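Single-letter residue listing:
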Amino acid sequence: MATNETSGAGKANGLLGFLESRKNLTGSACGIAGLGLTFAGVAGAYWPVVVVGLYGAGALIAPPERPPLPDFPDPSAQLDEIRADFGRLRAYLADVELPPAAAGRLTELTELLAALLDPGWVAEILAQDPEGVHALSRAVRTDVPEAVDTFVRTRWWVRLAPGTEAPERHLERQLTLLHEEAEALAAGLRETEARRQESHTRYLEGRA
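Let us look at the structure shown here. (Residues numbered from 1 in each chain as written. Predicted model: local features only at pLDDT ≥ 70, side-chain atom pairs only at ≥ 80, totals over all residues. Heavy atoms only, no water.)

Things to note about the environment of Gln78
By the element assignment, Gln78 lies in helix α4 (residues 75-94). You can call Gln78 partly exposed: its relative accessible area is 29%. Through-space distance from the C-alpha of Gln78 to that of Val133 is 7.7 Å; in sequence the pair is 55 residues apart. (Helix = DSSP H or I, 4+ residues; strand = E, 2+ residues; numbered from the N terminus. Buried < 20%, exposed > 50% of the residue type's maximum accessible area, 1.4 Å probe, protein only.)

This is the structure we're talking about:
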C-alpha cells in the first residue's frame, strides 16, 4: 500500500514537474500562437496539425532545464560538525599515553583548536573563510588522530626492535608543525578582523 502511495506521489510530482518545465511552457506558448493563427483563418482545416507542430517546435527550441545546485551545508553547519568530531577526538586522546614533551605539544595544539572552534566571534569570522574551515577540519579529522595513532603503533614495534629512532621525536615534530599551521590560521583571522576595523574607520572618516 505504501509502495503504491509512493509511486502515485512520484507520478504526480513528475507530471507537475513536466507542466512547469521550460519545454512545456514554451511549447504551450507556441501552441497558443497556432490557435491564434487558426482563429485568424490562416491555418484552415489543418489547424490541429499546425497547433501540434508549433507546440512540438516550441518544446524543441526551449532551453534545457537547469538541474538544482547540490544542497551542501554552509560553513556554520560544517563548524558544528567539526566541533562534534573534535569532542570525539579529545575523548580518544584522553586515553592515549604520550611522553611528556609530546603531551605538552598536544595540549598546546588542542587548546588552540578549541579556541578556534569555540562558538563566538572567532567562529563567525572563520565561517567566512572556507579554506580555513577546511584546514581546521583536516587537522581535527585527519592530521592529529593520524599522528597520534601512528606514534602508538610505531612505539609498539620499537619495543620489539630497540635502538631505532625514537618515534616520539617524529610525533613532537608533527605536533609542532600542526600547531604552527593553527597559529597561522589564527593570525589570518586576526588580520581579517583588523582589516575590517580599518575599513570601517576609513568609511567613517570619508562620511565625516
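Now that the structure is up, let's keep going.
Thoughts on the environment of Val144
Summarising the element assignment, Val144 is placed in helix α7 (residues 130-160). Looking at Val144, the relative accessible area reads 1%, which means it is buried. For the pair Val144 and Gln174, spaced 30 residues apart in sequence, the C-alpha to C-alpha distance is 8.6 Å.

Thoughts on the packing of helix α5 (residues 100-117) against helix α8 (residues 167-207)
Closest axis-to-axis distance for the α5/α8 pair is 9 Å, and the angle between their directions is 25°. What the angle tells us is that α5 and α8 run roughly parallel. Here the hand of the crossing between α5 and α8 comes out left-handed. Note on element contacts: α8 touches α5 through Leu171, Glu172, Leu175, Thr176, Leu178, His179, Ala182, Glu183, Leu185, Ala186 and Leu189, opposite Ala101, Ala102, Arg105, Leu106, Glu108, Leu109, Leu112, Leu113 and Leu116. Looking at side-chain class alone, the contact of α5 with α8 contains 14 nonpolar, 2 polar and 4 charged residues. (Axes fitted to C-alpha atoms, helices over the stretch in contact; angles between N-to-C directions. Parallel < 35°, antiparallel > 145°, perpendicular 65-115°, else oblique. Left-handed = near helix turned anticlockwise from the far one by under 90°. Contact = heavy atoms within 4.5 Å. Nonpolar A, V, L, I, M, F, W, Y, C, P; charged D, E, K, R; others polar.)

Observations regarding the packing of α4 against α5
Following both chains from N to C, one finds α4 and α5 inclined at 155°, their axes separated by 11 Å at the closest point. With respect to each other, α4 and α5 are oriented roughly antiparallel. Here α4 runs over α5; the crossing is left-handed. Taken together, the residues of α5 that come into contact with α4 (itself represented by Leu79, Ile82, Arg83, Phe86, Arg90 and Leu93) are Leu106, Thr110, Leu113, Ala114 and Leu117. Residue composition of the contact of α4 with α5, by class: 8 nonpolar, 1 polar and 2 charged.

Quick word on the nonpolar core
Within the largest apolar cluster, 34 residues are counted, with the highest numbers of intra-cluster contacts made by Leu79, Leu113, Leu116, Leu136 and Val144. Among the secondary structure elements, those contributing two or more residues to this core are α4, α5, α6 (121-126), α7 and α8. With 8 residues, α7 is the single largest residue contributor to this core. Discounting residues that sit within four places of it in the chain, Leu113 has contacts with Phe86, Leu136, Ala139, Val140, Val144 and Ala182. (Core = buried A, V, L, I, M, F, W, Y, C linked by side-chain atoms within 4.5 Å.)

Brief notes about the pattern of salt bridges
Tallied over the entire structure, the rule returns 8 salt bridges. Of the charged contacts, one joins Asp85 and Arg88 as a salt bridge, the two residues approaching to 2.1 Å between their closest N and O atoms. Taken together, the residues Asp85 and Arg88, both in helix α4 and 3 residues apart, mark about one turn of the helix. The closest approach of N and O atoms between Arg196 and Glu193, which form a salt bridge, is 3.9 Å. Here Arg196 and its partner Glu193 are both found in helix α8, 3 residues apart, which amounts to about one turn of the helix. (Salt bridge = Lys/Arg side-chain N within 4 Å of Asp/Glu carboxyl O.)

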